[in-house]
Amino acid sequence: MGRTVPLQVTVNGEPHRSEIEPRLLLVHYLRDELRLTGTNIGCDTSNCGACTCHVDGEAVKSCTVLAVQCDGAEITTIEGMSGPDGALHPLQEGFWAEHGLQCGYCTPGMIMAAADLLARHEGDGPITEEEVRKGLEGNLCRCTGYHNIVKAVQAAAEAGRGVTA
Amino acid sequence: MTTIEQAPANWVGQSLRRKEDPRLITGSATYVDDLTLPGMLWMAIVRSPEAHARIVSIDGSAALERPGIKAVYTGEDMRDLLAPLPMAWAPPGVEQKTPERWPLARGKVCHVGDAVAMVVGDNRYGVVDAAGDVRVEYEPLPVVVDVEEALKDTTVIHESLGTNRAHDWSMGGGDIEQALADSDVVVERRIVNHRTAGAAMETRGVIAEFRGGELTVWSSTQVPHLVRLFYAVQMGISEDKVRVIAPEVGGGFGSKLQVCAEETLCAWASKKLGRPVKWIETRSENMAASHHGRDQVDYVRMGAKSDGTITAFHAKIIQDLGGYCGLLTPMIPELGAFVMTGCYRIPAVKTDITGVYTNKYFTDAIRGAGRPEMTHMLEVTIDQLASELGMDPLELRRKNFIKPEEFPYETPYGITYDSGNYEAAFDRALEIVDLDGFRAEQASLREQGVLRGIGFSTYTEICGLAPSRAVGPSGFGLGIGLYESALVRVHPTGSVTVFTGTSPHGQGHETGFAQIVGDRLGVDPQVVEIIHGDTATGPMGLGTYGSRSLSIGGVACAHAAEKIAEKCRQIVAHNLEADAADIEIHDGRFSLRGDPEKGMTLAEVAGCAYIDATKMPEGMELGLEQSLIYDPTNFVFPFGTHVCVVDVDPETGKVSVLRWVAVDDCGPAINPMLIDGQVHGGVTHGIGQALYEQVVYDDRGQLVTGTFLDYALPTAAEVPSFETDRTETKSPSNSLGVKGIGEAGTIAATPAVVNAVIDALRHEGISYIDMPLTPLRVWQALEEARGRGGGPRGSEQGVELPPQGEGSAGSGPTIPEGGAA
């Protein structure tokens, strides 16, 4: 390892101080340094969204963000979505109830992207199928054909609690 | 074997939530890349930028100078391997020329991405840096990319074979030429079924640890037992010293039905260096060096009488093998050939297949494996035949369907379709779509300039792989039988562990198999744990592919559980002083028929079998455990009808899928929710091939689609919600009556899309467009049809569009010189 730089972040509510290579990607920092392996890597080109997590409340694809860019940030990963008592987030519940996953590899990123989508959703009416489909365009799934993912996100929204943890 | 007389079917048939999901939705599942071992090293692979070249020299010295780099190895360093990577098909009576494929190239490279060296070091990023410092000098050779060009042998890729032509395989039934000559109409067409990628969201990955004479490997694979078997062959380690684990696997779609070079490399390096070695494939490596699918040029001829009776179907298939053969490469079109009659009574059929080497990555099984290609040929040709006969394509199908009373039906190929009721699924689909309403809407939209079309596809497929005698070394020529194992173990407290030799990667076996076993032992599936993907824990198994898991592996679990249930009944009968024949499972207990108050739970029976031996019948073995191998007597043949509705933008050529109706028949449903999920994903995979996805090499063999930036997978915005329904026709091939569903959607989908687009455009004079139906291709076809010429033939991603499939009734044969014999 070459030159290192200090990094201070809060991940899922827990503060971390690390010395890291400047080129270390956020996703590798989360996975390899903090051992938060729920965030997956699917493509390296920010197409698939498997690595989606939240940085300061916004969904980012962590395979194309340098960890150092997040200095001082609040980060949420899939591991931070359940309640402290292990209660599932409405999106986790929705994906389970609606069979919104098969191999599960895209699921953490899909849930994080959906949480961001629902948090940004404006208007009083329920989120439409089309809004969910367009809103999740940046996340690829090879297993489900998206049908049940859309239902899962709508179910979570309908539960009225589909907000970022 | 005695079976439970009263099948309670409490759990089977229910859409139970998946047992797999809690770990997956919380991020606590363990995929290969989530594992780290003490002292673990990383591997990176140096891959060829040349499509065809001699390796002059490889210099790893600069790489070795980098900090943390432990070794650079080349193919020459690995001369101690006992065997090249396997190709497992040796068809009796057919000469198949197969080049040796070593984990690292020896002397020359045959495609971009061919592995020439590995770098091992202690840092994930460091090995990639060092791989860039390995200097490889290549002497470029002429490159052949086009499969029909390769057949001319102007450039021969493997000198030792003397030709690019790997094999010729012909099979059929009836006199095809006579039947075609006697037909009133013959439709001919050249069809390109283009190269695609499996594109599982998790790429491949391996960790190997050689320690104390034993090898443990974690691999993202669909076939852990086959990988173990091959390690024994290639590295000379006896199987009992090898353990292969498929942990959580993030999708496969056939792309992980392979014995991979990287598995060998990690194991070999670990043995050499005495440390665990890990390799995680990047997506660009996955696009270049995980096997591709499809890639055939097909010449089809279909003959019919003027009343619409189909008389003959002939397919000449030129298969692009790529630079080498993988595990099953040359047999993929053959798998499709077995169902070339589809749902129809066609008295004369023939398939002539020629496998050809080109300077591309090798092709192999990807979801459907040969059957999507054959179904595509059949179903687009039937629509064209209907057009030339002036018949409704639906009536043409109906007229030629094999009737329900004709099953079991022996095709001219000598294959016996187990069961079917094609009209029932067809009628149900028609009922859902309201065709009359659609046609009225289509006509009125056309007046407004909107091009809307509807496409149908009726399919049957062969799966449930497979009866071992039929497919094994003395049969079809696979290197092993395709039976499946189950070990059911009831614990002393009455919970159950089931070990299956299948190796799921998203399909939901942990839930579905638990439902099957739960019913048979009178317990909640929540206390039935399904263990898979670990060669050390269960008996030999063959893995998950070919829609085989339920109809082979699930049936094995059922049989093993039934044997335990029979033992339970005897134990209960002994304790109740009753006859075992009078013991039935009722409300979660083994109880006395007619007096359900008297009975025992599985936990109580287990207490007899494990804890208080005095409660066991005299002479009966203690314990409740059963292991068995199930080998089916026939394949299974799921079927169905899929309907696609599209809009084609007349200005841009963009195709939008508006509606999808799928009526599938895979026999009795174990878990309907899981079936629907398989159909949704399968159809989307097919829509991807039909409209968006294509692996493109340029004429120098450079891979143009090396990332997801260039290889377009469908997103949520490109597909509709699906309307799924089922009919239920039991298979007589197994005791559950089940068939398979994993590949059905993909097999059905591509012709439904193409037929829908052609339905929207046929009035413009367009009768066929090769996939993928990109806006450019569709727009160009429209421009040409409208007499505007379409300008010079366009290009996609810098590669000129291939010639469009031509040919129709009376246009004469379109078989190339020197083509398939």
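If you're wondering where the values come from, they're calculated on a predicted model, not measured in any experiment.

Each value, and the rule that gives it
- Residues numbered from 1 in each chain as written.
- Chains lettered and ligands numbered in written order.
- Predicted model: local features only at pLDDT ≥ 70, side-chain atom pairs only at ≥ 80, totals over all residues.
- Helix = DSSP H or I, 4+ residues; strand = E, 2+ residues; numbered from the N terminus.
- Rg over C-alpha atoms; globule rule 2.2 N^0.38 Å.
- Buried ≥ 20, exposed ≤ 12 C-beta atoms within 10 Å, placed from the backbone.
- Contact = placed C-beta atoms within 7 Å.
- Domains from an automatic or database assignment.
- Nonpolar A, V, L, I, M, F, W, Y, C, P; charged D, E, K, R; others polar.
- Pairing = 2+ DSSP bridges.
- Axes fitted to C-alpha atoms, helices over the stretch in contact; angles between N-to-C directions.
- Core = buried A, V, L, I, M, F, W, Y, C linked by C-beta atoms within 7 Å.

A.B. asks: What should I look at first to understand the overall build of chain B in this one?
C.D. replies: Along its length, chain B carries 20 helices and 30 strands. The C-alpha atoms of chain B give a radius of gyration of 28 Å, which matches the 28 Å a tight globule of 821 residues would have. Counting every position in chain B, which comprises 821 residues, the buried fraction comes to 59%. Considering only contacts in chain B between residues 6 or more positions apart, those separated by 24 or more positions represent 80%.

A.B. asks: I tried to follow the domain arrangement of chain B on my own but got confused; where do I start?
C.D. replies: How large an interface is tends to be reported as the accessible area lost when its parts come together. Residues and elements named next belong to chain B. Domain boundaries in chain B define domain 1 (21-28 + 484-630), domain 2 (32-141 + 203-249 + 256-289) and domain 3 (165-197 + 290-465 + 635-783). One C-alpha centre belongs to domain 1, the other to domain 3, and the line joining them spans 40 Å. Contributing elements (two or more residues each) for the side of domain 1 that touches domain 3: α15 (509-521) and α16 (549-576). Here the side of domain 1 that touches domain 3 is built from residues that sort into six nonpolar, nine polar and one charged.

A.B. asks: Is there a simple way to explain the sheet that holds strand β10 (residues 214-219) of chain B in this structure?
C.D. replies: All names here are of chain B. Strand order across the open sheet formed by seven strands is β3-β5-β1-β12-β9-β10-β11, with mixed pairing between neighbours. What marks the edges here is a single partner per strand, and that holds for β3 (69-74) and β11 (242-245). Pairwise comparison of adjacent strand axes, ignoring direction, gives a mean angle of 20° for this sheet. In terms of strand pairing, strand β9 (residues 205-211) meets strand β12 (residues 277-280) through four bridges, oriented antiparallel. Considered in β12, the bridge of Ile207 is made with Lys278. Against the sheet, helix α6 (residues 224-235) engages β10 and β11, with an angle of about 150° to β11. On the sheet, helix α7 (residues 261-273) packs against β1 (41-47), β3, β5 (115-121), β9, β10 and β12 and is oriented at approximately 30° with respect to β9.

A.B. asks: Help me out: how do you make sense of the sheet that holds strand β14 (residues 310-322) of chain B in this one?
C.D. replies: Neighbouring strands of a sheet are bound in pairs by backbone hydrogen bonds; such pairs are parallel or else antiparallel. All names here are of chain B. Strand order in this open sheet of five strands is β7-β15-β14-β13-β8, and the pairing throughout is mixed. Either end of the sheet is taken by a strand with one partner, and the two such strands are β7 (165-173) and β8 (185-197). Taking the axes of each pair of neighbouring strands and ignoring which way they run, one obtains an average angle of 10° across the sheet. Sheet topology note: the β8/strand β13 (residues 292-304) ladder contains twelve bridges and is antiparallel. Looking across to β13, one finds that Ala197 is bridged to His292. Here helix α10 (residues 371-389) sits on the sheet and contacts β8, β13 and β14; the angle it forms with β8, its principal contact strand, is near 145°.

A.B. asks: Is there a simple way to think about the domain arrangement of chain A in this case?
C.D. replies: Residue and element names in this part refer to chain A. Segmentation of chain A into domains returns domain 1 (5-80) and domain 2 (90-158). Facing 15 residues of domain 1, the contacting portion of domain 2 comprises eleven residues. Of all elements in the fold, only β3 (52-55) and β4 (58-61) reach the threshold of two or more residues within the side of domain 1 that touches domain 2. The leading source of residues in the side of domain 1 that touches domain 2 is β3, at three residues. Classifying every residue of the side of domain 1 that touches domain 2 gives six nonpolar, eight polar and one charged.

A.B. asks: Could you clarify how one ought to interpret the nonpolar core in this entry?
C.D. replies: Residues and elements named next belong to chain B. Counting residues in each nonpolar core, the largest one holds 308 residues, and the members touching the most others are Met43, Val119, Val517, Cys557, Val753 and Val757. Of all the elements, α16 adds the most residues to this core, at 13 residues. Each residue touching Val753, except ones within four places of it in the same chain, is listed here: Gly455, Cys644, Val646, Ile687, Ala690 and Leu691.

A.B. asks: Would you explain the interface of chain A and chain B in this entry?
C.D. replies: The interface is formed by 46 residues belonging to chain A together with 43 residues belonging to chain B. Among the elements of the structure, α2 (90-97), α3 (107-120), α4 (129-135) and α5 (147-158) of chain A are those that each provide at least two residues to the side of chain A that touches chain B.

A.B. asks: Help me out: how do you make sense of unusual backbone geometry in this one?
C.D. replies: Only a minority of non-glycine residues have a phi that is not negative, and only a minority of peptide bonds are not trans. All names here are of chain B. Backbone torsion omega between Phe407 and Pro408 reads -5°, so that peptide bond is classified as cis. Within the element layout of this structure, Pro408 appears in the loop between α11 (393-400) and β16 (409-410). Across the junction of Leu465 and Ala466, the peptide omega takes the value 0°, indicating a cis bond. The phi angle at Ala199 is positive, at roughly 55°, despite the residue not being glycine. Along the chain, Ala199 falls in the loop between β8 and β9. Accessibility expressed as a C-beta count within 10 Å gives 27 for Ala199, which makes it buried. Phi at Asp587 is positive, roughly 55°, even though this residue is not glycine.

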